[in-house]
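# Remarks on the overall topology
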Amino acid sequence: MTFLNALWIVPILGILIFIHELGHFVMARRAGVRVEEFGFGLPPRIWGVKRGDTIYSINLLPVGGFVRVLGEDGKSNAHDSMQSKTAGQRARFLAAGSAMNLIAAVVLIAVLIGVQGRSSDNVYVVNVNPGSPAADAGWQSGDRFLQINGATITSSDEVSRLTTRNAGRATTVTLDRAGEVITTTITPRENPPAGQGRTGITLSSAPNATIHVNTVPSDSLAAQAGFHAGDIIQSVDGQPVPDYLAYALALRNRAGGDAQIQVQRDGAPVTLTAAIPTDLPVDREPLGADLTQQLHFERVSPINIPLETVRTFGSTMRQMGTGLMSLVRGSTSLGDVAGPIGMGQLTSEIISRSAMPLWVTLTNLTIILSLNLALLNLLPLPALDGGRLLFVLIEVLRGGKRVPPEKEGVVHFVGLMLLLTAMFLIAFVDINRIISGSSFLE
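Residues numbered from 1 in each chain as written. Predicted model: local features only at pLDDT ≥ 70, side-chain atom pairs only at ≥ 80, totals over all residues. Heavy atoms only, no water.

## Section: the nonpolar core
Grouped together as the largest cluster of nonpolar side chains are 23 residues, with contacts concentrated most on Phe227, Ile233, Val236, Tyr247, Leu251, Ile261 and Leu287. Contributions of two or more residues to this core are made by strand E9 (209–215), helix H6 (221–225), strand E10 (232–236), helix H7 (244–252), strand E12 (258–265), strand E13 (268–275) and strand E14 (290–295). Beyond its immediate chain neighbours, meaning those up to four positions away, phenylalanine 227 contacts Val213, Val216, Ala222, Ile233, Tyr247, Ile261, Val263, Arg265, Leu272 and Leu287. (Core = buried A, V, L, I, M, F, W, Y, C linked by side-chain atoms within 4.5 Å. Buried < 20%, exposed > 50% of the residue type's maximum accessible area, 1.4 Å probe, protein only. Helix = DSSP H or I, 4+ residues; strand = E, 2+ residues; numbered from the N terminus. Contact = heavy atoms within 4.5 Å.)

## What to know about the environment of glutamate 190
Here glutamate 190 is to be found in the loop between strand E7 (180–186) and strand E8 (201–207). Judged by its relative accessible area of 55%, glutamate 190 falls in the exposed class. Spatially, the C-alpha atom of glutamate 190 lies 9.7 Å from that of threonine 163, the residues being 27 residues apart in sequence. Excluding residues that lie within four positions of it along the chain, glutamate 190 makes contacts with Ala167, Gly168 and Arg198.

## What to know about helix H12 (residues 405–436)
Over its 32 residues, H12 runs 46 Å from end to end, which matches the ideal 46 Å to within 8%, given 1.5 Å per residue. Along H12, the residues that are buried comprise Glu408, His412, Gly415, Ile426, Val429, Asp430 and Arg433. Here the buried face of H12 lies against helix H9 (340–353) and helix H11 (385–397). Phi turns positive one or two residues past the end of H12, at glycine 437, with a value near 80°. (Expected span 1.5 Å × (residues − 1).)

## Remarks on the environment of phenylalanine 428
As for its placement among the helices and strands, phenylalanine 428 is situated in helix H12. On a C-alpha basis, the gap between phenylalanine 428 and glycine 342 in space is 9.8 Å, while along the polypeptide they are 86 residues apart.

## Overview of the packing of helix H3 (residues 87–116) against H11
Where H3 contacts H11, the axes come no closer than 9 Å and their chain directions differ by 165°. As the angle between them shows, H3 and H11 are arranged roughly antiparallel. The handedness of the crossing between H3 and H11 comes out as left-handed. Every residue of H11 that contacts H3 at Ala87, Arg90, Ala91, Leu94 and Ala95 is listed here: Asp385, Arg388, Leu389, Val392, Glu395 and Val396. A class-by-class count of the residues in the contact of H3 with H11 yields 7 nonpolar, no polar and 4 charged. (Axes fitted to C-alpha atoms, helices over the stretch in contact; angles between N-to-C directions. Parallel < 35°, antiparallel > 145°, perpendicular 65-115°, else oblique. Left-handed = near helix turned anticlockwise from the far one by under 90°. Nonpolar A, V, L, I, M, F, W, Y, C, P; charged D, E, K, R; others polar.)

## Let's talk about the pattern of salt bridges
Here the structure, examined in full by the defined rule, presents 14 salt bridges. Residue arginine 118 pairs with glutamate 298 through a salt bridge whose shortest N-O separation is 2.7 Å. Placement of arginine 118 in the loop between H3 and strand E3 (121–128) and of glutamate 298 in the loop between E14 and helix H8 (305–329) is noted, with a sequence separation of 180 residues between them. Aspartate 237 is paired through a salt bridge with arginine 254; the nearest N and O atoms lie 2.4 Å apart. Pair noted here: aspartate 237 is in the loop between E10 and strand E11 (239–240) and arginine 254 is in the loop between H7 and E12, with a separation of 17 residues, a long-range link. (Salt bridge = Lys/Arg side-chain N within 4 Å of Asp/Glu carboxyl O.)

## Observations regarding the side chain of glutamine 116
Relative to the helices and strands, glutamine 116 resides in helix H3. If we ignore the near neighbours within four places in the chain, the residues touching glutamine 116 are Val111, Phe297, Arg299, Met356 and Val360.

## Side note on the packing of H9 against H12
When two helices pack together, their arrangement is captured by the angle between the axes and the distance separating the axes. Closest axis-to-axis distance for the H9/H12 pair is 7 Å, and the angle between their directions is 35°. Residues Ile341, Gly342 and Gln345 of H9 touch H12, and the partners they reach there are Ala427, Asp430, Ile431, Arg433 and Ile434. Of the residues belonging to the contact of H9 with H12, the class tally is 4 nonpolar, 2 polar and 2 charged.

## Section: H7
By the criterion of burial, H7 is predominantly enclosed, with 7 of the 9 residues buried. Residues of H7 that are buried include every one of Leu245, Ala246, Tyr247, Ala248, Leu249, Ala250 and Leu251, and no others. Contacts made by the buried residues of H7 are with E3, E8, E10, E11, E12 and E14. The backbone nitrogen of leucine 245 has a side-chain oxygen 3.0 Å away, supplied by the residue at the start of H7, namely aspartate 243. (Polar contact = N/O pair within 3.5 Å; in protein donor to acceptor, adjacent residues only side chain to side chain.)

Below, the structure written as structure tokens:
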């Protein structure tokens, strides 16, 4: 882990949590609730100034911020306390933090699309389970999805969504197989076996990119095949290489034999012959070369930016919802969950592996973390905003009769202790992962 890259997580989390707390601050002021302190960072306080009834402070730990309002602890019923406000006002106050994180994510998505443009992914079949609908339809590893029932495929999320929508019904799927367009008919399963999915395949996707050879270790298979630094990989056995995954899958499908790899060298085509071993590594470049990707982006007209923003936001939320449900069901292990320390490691690894400019990588990471912060805070768990919203809902369902503040406080205190315990365990796992030299992405 590169320490300096890991430190990027500090300002990212600081800004996102500050934005979250700013939402609570604004909504409290709109509801006429006295804000006793609005702090940037976490205590101890190193500077503060009082304006009206509010202390605006800068605190020592530069991670996030906080809003302390009158009556938040249930001990005050003054006219400007939180306890004196209606259920609707308190609900808006509690939801405002997550709403601000959602808004921040949408704005950043729009900025990325407007400045950088739109990228599209190529989606491939990686593995086919024997006896599955995909095997019956003749799908093969390396097939690239073109269309499903006439809808163009640009992400693996679309494949999952469309096969789910068409479960139990004959579905037309158009594939690209080594440059040949193939039309197949498949019936996605309504009740697939565990771990196989509706069609029985493993999917993977990669963005459109030009693949450049950066360096060639002298003892690598790439060196034996004749790769040179600066080569641009164009095809494998005549099959075009529109992205890194197409290259890797083409080599894997030729394991145990030879592959003719065409590269562009100093503007001229050169054909290389590579002997492909049967035991190709799955966690690094198959031939041992150091490759870089030059991603391709399509400009988006200003009038289409809002629509593309909504589509990207919806796709991202669906993927995060799937991950969250996996966490709730317990199918995600503790080792796949990251606390602040693990986020630092993850940030470092993403930066080191990303083919995009640093600002784009950090913006994408900020978007994901902002959405995570919004969704996790809305979970109906004690001590979280969602847990407090649950008590407001109970109050409404009981016709305005509140749960006594002291009882609600006990519930949130127990929830806070459990959350702190979970954070401690996650921090232990994060530290152990770093000490052992394990990668978060592998």
